[in-house]
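Listed below, chain by chain, are the residues.
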Amino acid sequence: MKLTSANINVIVKACRKAAKVLIRDFGEIEKLQVSLKGPGDFVTLSDKRVEKILIEELQIARPNYSILSEEIGEIKNDKEFKWIIDPIDGTSNFLHGIPHFGISVGLEHMDEIICGIIYDPIKDEMFVAEKGNGSYLNNQRIRVSSRSKLKDCLIVTGGPRRNLKEREIALKEYDKFSSSVDVPVRKMGSASLDMAYVAAGRFDGMWQRNLNYWDIAAGIIIIKEAGGFVTDFNGNDTYIEKKTILATNSRINKEMIEVLK
Ligand code: IPD
Ligand code: CA
Ligand code: CA
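Read on for an overview of the structure. (Residues numbered from 1 in each chain as written. Chains lettered and ligands numbered in written order. Predicted model: local features only at pLDDT ≥ 70, side-chain atom pairs only at ≥ 80, totals over all residues. Heavy atoms only, no water.)

A few points about the side chain of Asp120
Residue position: Asp120 is located in strand E5 (residues 112–120). Residues contacting Asp120, with those up to four places away along its chain left out, are Phe101, Gly102, Glu125, Leu193 and Tyr197. (Helix = DSSP H or I, 4+ residues; strand = E, 2+ residues; numbered from the N terminus. Contact = heavy atoms within 4.5 Å.)

Take a look at the structure:
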């Protein structure tokens, strides 16, 4: 089955167009990696190029929608609808030639994400969801996993950055989770793909501090529509304001909150 709606079609088209440039640029990275200057500036340009294509495409189809995008910030317009964009999520992977990064686009309506796409252009994996219509990976319905004991789960996180205020706390949390699970905690370097993988049942849960709205916007709806939970570290809905995110299957949410206490 395929998830199609006017808004989904708009995002799919924009992502596919942007992905062509992203794949081409990724091919250049290897060469730049060995150059004296390194790929840093090129990656910054690539990020901006991808963002420009996404915004152009979305604006052609929906000229009045507002936009929040990582590189350019906010374009204020319509008060009801807003695109939330992360042109490359997993920039450090991209920079180092590691094929694990994604384009993330969510659509907010009246402060709620109603549809979203996370697209991994290298693996050609497109995670799509729309409120009330389920979550899909390349047109196949996806569901969160059904593991119910944290000990048996595969969980993922990111950070903390060197300068994070709560770095010590974040490391303690890592330590607690690390001693709660049999299989070591994963760190993949792309928060949006971490969330997509929870939705697809590949991971059972993810937690992370200090994520921005554009890192998680599309992931929120993709997890919820796959039957999972998205909360802050206390089990509440204030994860966007608090920037702390706990995304899980429907069974281990409480146990992960206990660990975070
Ligand atoms: C980053 C990635 C990373 C996460 C960071 C994010 P970026 O986004 O999602 O996995 O740990 O907190 O900032 O910079 O690659 O778009
Ligand atoms: Ca990001
Ligand atoms: Ca980014």
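Anyway, onward from the coordinates.
Some details on the nonpolar core
Cys15, Leu54, Trp83, Ile85, Phe94, Ile103 and Val105 are the most contacted members of the largest nonpolar core, which has 37 residues in total. Ranked by residue count, the leading element in this core is helix H1 (residues 6–33), at 11 residues. When sequence neighbours within four positions are dropped, the list of residues in contact with Trp83 reads Asn7, Val10, Ile11, Leu58, Arg62, Tyr65, Ser66, Ile67, Leu68, Val105, Gly106 and Leu107. In this structure, Ala191, Ala218, Ile221 and Ile223 belong to the second largest nonpolar core, which totals 34 residues. (Core = buried A, V, L, I, M, F, W, Y, C linked by side-chain atoms within 4.5 Å. Buried < 20%, exposed > 50% of the residue type's maximum accessible area, 1.4 Å probe, protein only.)

Thoughts on the coordination of the calcium ion (ligand 2)
For the calcium ion (ligand 2), the full set of protein donor atoms is Asp86 (OD), Asp89 (OD) and Asp215 (OD), at a range of 2.1 to 2.3 Å. One chain supplies every donor for the calcium ion (ligand 2), spaced along it as D-x2-D-x125-D. The calcium ion (ligand 3) is placed at 3.7 Å from the calcium ion (ligand 2), the two being bridged by Asp86. On the criterion of sequence distance, the pair formed by Asp86 in strand E3 (residues 81–89) and Asp215 in helix H6 (residues 213–225) is long-range, its members being 129 residues apart. (Donors = N, O, S within 2.8 Å, 3.2 Å for Na, K, Ca; no water.)

Observations concerning the site of ligand 1
Not every one of the 14 residues close to ligand 1 is listed here, only the nearest: Asp89, Gly90, Thr91, Gly189 and Gln208. In this structure, Thr91 approaches ligand 1 through a main-chain N or O atom, which is 2.8 Å from an oxygen atom. In this structure, an oxygen atom belonging to ligand 1 sits 2.8 Å away from a side-chain N or O atom of Gln208. With the chains in place, 83% of the 380 Å² that ligand 1 exposes on its own is no longer accessible. The dominant element in the shell around ligand 1, judged by the number of residues it contributes, is E3, at three residues. Taken domain by domain, the makeup of the shell around ligand 1 includes at least three residues from each of domain 1 (6–141) and domain 2 (150–260). (Near = heavy atom within 4 Å. Polar contact = N/O pair within 3.5 Å; in protein donor to acceptor, adjacent residues only side chain to side chain. Areas by Shrake-Rupley, 256 points an atom, 1.4 Å probe, with all protein chains shown as cover. Domains from an automatic or database assignment.)

Section: the sheet that holds strand E12 (residues 245–248)
Within the open sheet, the four strands sit side by side as E9-E10-E12-E11. Their pairing is mixed. Strands at the two margins of the open sheet, each flanked by one partner only, are strand E9 (155–156) and strand E11 (229–231). Here strand E10 (residues 205–208) runs beside E12; their pairing, made up of four bridges, is antiparallel. From the neighbouring strand, Gly205 faces E12, where its bridge partner is Thr248. Against the sheet, H6 contacts E11 and E12, and its axis sits at roughly 140° relative to E11. (Pairing = 2+ DSSP bridges. Axes fitted to C-alpha atoms, helices over the stretch in contact; angles between N-to-C directions.)

Considering the pattern of salt bridges
If you walk through the whole model with that rule in mind, you get 16 salt bridges. Residue Arg24 is joined to Asp25 by a salt bridge in which the shortest nitrogen-to-oxygen separation is 3.2 Å. Notably, a salt bridge pairs Glu168 with Arg167, separated by 4.0 Å at the nearest N-O pair. With a relative accessible area of 31%, Arg167 lands in the partly exposed category. (Salt bridge = Lys/Arg side-chain N within 4 Å of Asp/Glu carboxyl O.)

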